[in-house]
Amino acid sequence: MQKFLTPLITNYDYIFLDAQAGADAVSRAAMSRDVSDEVIIVSEYDPLSAAGIERLKSVVRHDLEYSRVWILLNKMLPEFVEKFSDFLSVARYLSPIPWNAHVVRSYSRKRLAIDIEYGNEYTLAIMQTLKSLLGENIADEINTWADSRATMIRQPLEIQYSDAEREWVALLDEVEGRRKKRMKKKFYTELMSIITLITMATFLFAVIISLNSNIFSSIFPAVSFSWFGWLPAVSAMALSAIFAFGAIFKRVMSMPSDDKIIEARLKRKIELLEERLKQLEALKKADFKTLVNRNS
């Protein structure tokens, strides 16, 4: 193994040896300090696997010193990953690998769960594991990748935000137009009511004067009252017509409609759009991990 690796060392920054689990001859050769600089023991998060790690350390004690051995927990539930990531590195544990529904679906379809093109939660976990192992040596490359993918994810968000904003402005204009229309209708209704009342009062005054022409004669002695005999009947008919017209006009103008229901729906849409705009605004400013988790 040493003979095989010697010519490769000058050509590669990192060489990974994937050995079989356990302490067979090949695995022990791969873990030997003469062959590898560091050893990563992959284990699942359960008591049985933890006991297996301790047995392996006792068997290969000389080559598994604390300073050159890392433990990598695989298939850990996502809720445990965040909780344990902070202190695991202190105990020589690499950032664990999550095991969620996306990973299970990918493997069941014989696909890789890692996605370098768009990124996902699993890919970020793998990269965090690499950063735990290799330190800042690869941090720049990972950050460059994350920034480029964040820009890619934010572009559709910008389009969604612009579309939602245009729809929001259109709804506000529609609500304002309906409000102006309602105010105009109210104005004409009140104006017609006032005209009806004035007309009724005028004809009522004329009727009273026609019934007692002596009062009017004393005020306007030069005016002839020969036509006042017909005035009560004409006034009553005109008054009835105007009253009926005013009542019909007011009834039509105040006729129940779907305006209130429509306006309530519009206002609800506006509220939902405003909430949507807030969410999109927050996502536009969110870090890459938040964006990836949202798309995963």
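Summary of the structure given here. (Residues numbered from 1 in each chain as written. Predicted model: local features only at pLDDT ≥ 70, side-chain atom pairs only at ≥ 80, totals over all residues. Heavy atoms only, no water.)

**Brief notes about the overall build of the chain**
At step 1: When helices and strands are tallied, the chain shows 11 helices and two strands.
At step 2: Shown N-terminal to C-terminal, the secondary structure of the chain runs as helices and strands in the order α-α-β-α-β-α-α-α-α-α-α-α-α.
At step 3: When burial is assessed residue by residue, the chain has 27% of its 296 residues classed as buried.
At step 4: Excluding contacts between residues fewer than 6 apart, the proportion of contacts in the chain whose partners are at least 24 apart in sequence is 66%.
At step 5: For the chain, the accessible area works out to roughly 20,400 Å², and carbon and sulfur atoms hold 60% of it. (Helix = DSSP H or I, 4+ residues; strand = E, 2+ residues; numbered from the N terminus. Buried < 20%, exposed > 50% of the residue type's maximum accessible area, 1.4 Å probe, protein only. Contact = heavy atoms within 4.5 Å. Areas by Shrake-Rupley, 256 points an atom, 1.4 Å probe, with all protein chains shown as cover.)

**A short note on the layout of surface pockets**
At step 1: Counted as a void, the largest pocket has a volume near 1,600 Å³.
At step 2: Around the largest pocket, the lining comprises 48 residues; the ones closest to its centre are Phe16, Leu17, Glu38, Val39 and Ile40.
At step 3: Counting residues per element, the ones that place at least two in the lining of the largest pocket are helix 1 (2-9), helix 2 (25-31), strand 1 (39-44), helix 3 (47-59), strand 2 (69-74) and helix 6 (121-134).
At step 4: A breakdown of the residues in the lining of the largest pocket according to their chemical character gives 30 nonpolar, 11 polar and seven charged. (1 Å grid on protein atoms, 1.4 Å probe; cavity = no way out; pocket = protein on both sides within 12 Å on 5 of 7 lines; lining within 4 Å. Points joined across faces, edges and corners; volume = space filled by probe spheres on them. Nonpolar A, V, L, I, M, F, W, Y, C, P; charged D, E, K, R; others polar.)

**Comments concerning unusual backbone geometry**
At step 1: Of note in this structure, Lys75 is not a glycine but carries a positive phi near 60 degrees.
At step 2: The residue Lys110 is not glycine, and still its phi comes out positive at about 60 degrees.
At step 3: Note on Lys110: relative accessible area 80%, which makes it exposed.

**Comments concerning helix 10 (residues 259-285)**
At step 1: With 27 residues, helix 10 extends 39 Å from end C-alpha to end C-alpha; this agrees with the ideal 39 Å at 1.5 Å per step.
At step 2: Of all the residues in helix 10, the buried ones are Glu263, Leu266, Ile270, Leu273, Leu277, Leu280 and Leu283. (Expected span 1.5 Å × (residues − 1).)

**Focus: the nonpolar core**
At step 1: In this structure, Trp145, Phe288 and Leu291 are the most contacted members of the largest nonpolar core, which totals 32 residues.
At step 2: In terms of residue count, the dominant contributor to this core is helix 7 (residues 139-211) (10 residues).
At step 3: Counting 11 residues, the second-largest nonpolar core is a separate cluster that includes Leu64, Val69, Ile71 and Met76. (Core = buried A, V, L, I, M, F, W, Y, C linked by side-chain atoms within 4.5 Å.)

**Comments concerning the pairing of strand 1**
At step 1: Residues Val39, Ile41 and Ser43 line the buried face of strand 1, whereas the alternating positions Ile40, Val42 and Glu44 sit on a face that is not buried.
At step 2: Relative to strand 2, strand 1 is paired through six bridges, and the arrangement is parallel. The residue bridging Ile40 from the neighbouring strand is Trp70, located in strand 2.
At step 3: The parallel pair strand 1 and strand 2, bridged by helix 3, forms a crossover whose chirality is right-handed. (Pairing = 2+ DSSP bridges. Right-handed = clockwise from strand over helix to strand, strands pointing away.)

**Quick word on the environment of Val69**
At step 1: With respect to the element layout, Val69 can be found in strand 2.
At step 2: For the pair Val69 and Arg92, spaced 23 residues apart in the sequence, the C-alpha separation amounts to 7.1 Å.
At step 3: Not counting chain neighbours up to four residues away, the residues in contact with Val69 comprise Val39, Ile41, Leu64 and Arg92.

**So, the packing of aromatic side chains**
At step 1: For the coordinates displayed, the defined rule picks out one aromatic pair.
At step 2: Judged by centre distance (6.0 Å) and plane angle (20 degrees), the ring pair of Trp99 and Tyr107 falls under stacked.
At step 3: Exposure remark for Trp99: the relative accessible area of 28% places this residue in the partly exposed category.
At step 4: Over the aromatic face of Trp99 sits the side chain of Lys75, whose NZ or CZ is 5.0 Å from the ring centroid. (Phe/Tyr/Trp six-rings, centres within 6.5 Å; stacked < 30°, edge-to-face > 60°. Lys NZ or Arg CZ within 6 Å of the ring centre and 35° of its normal.)

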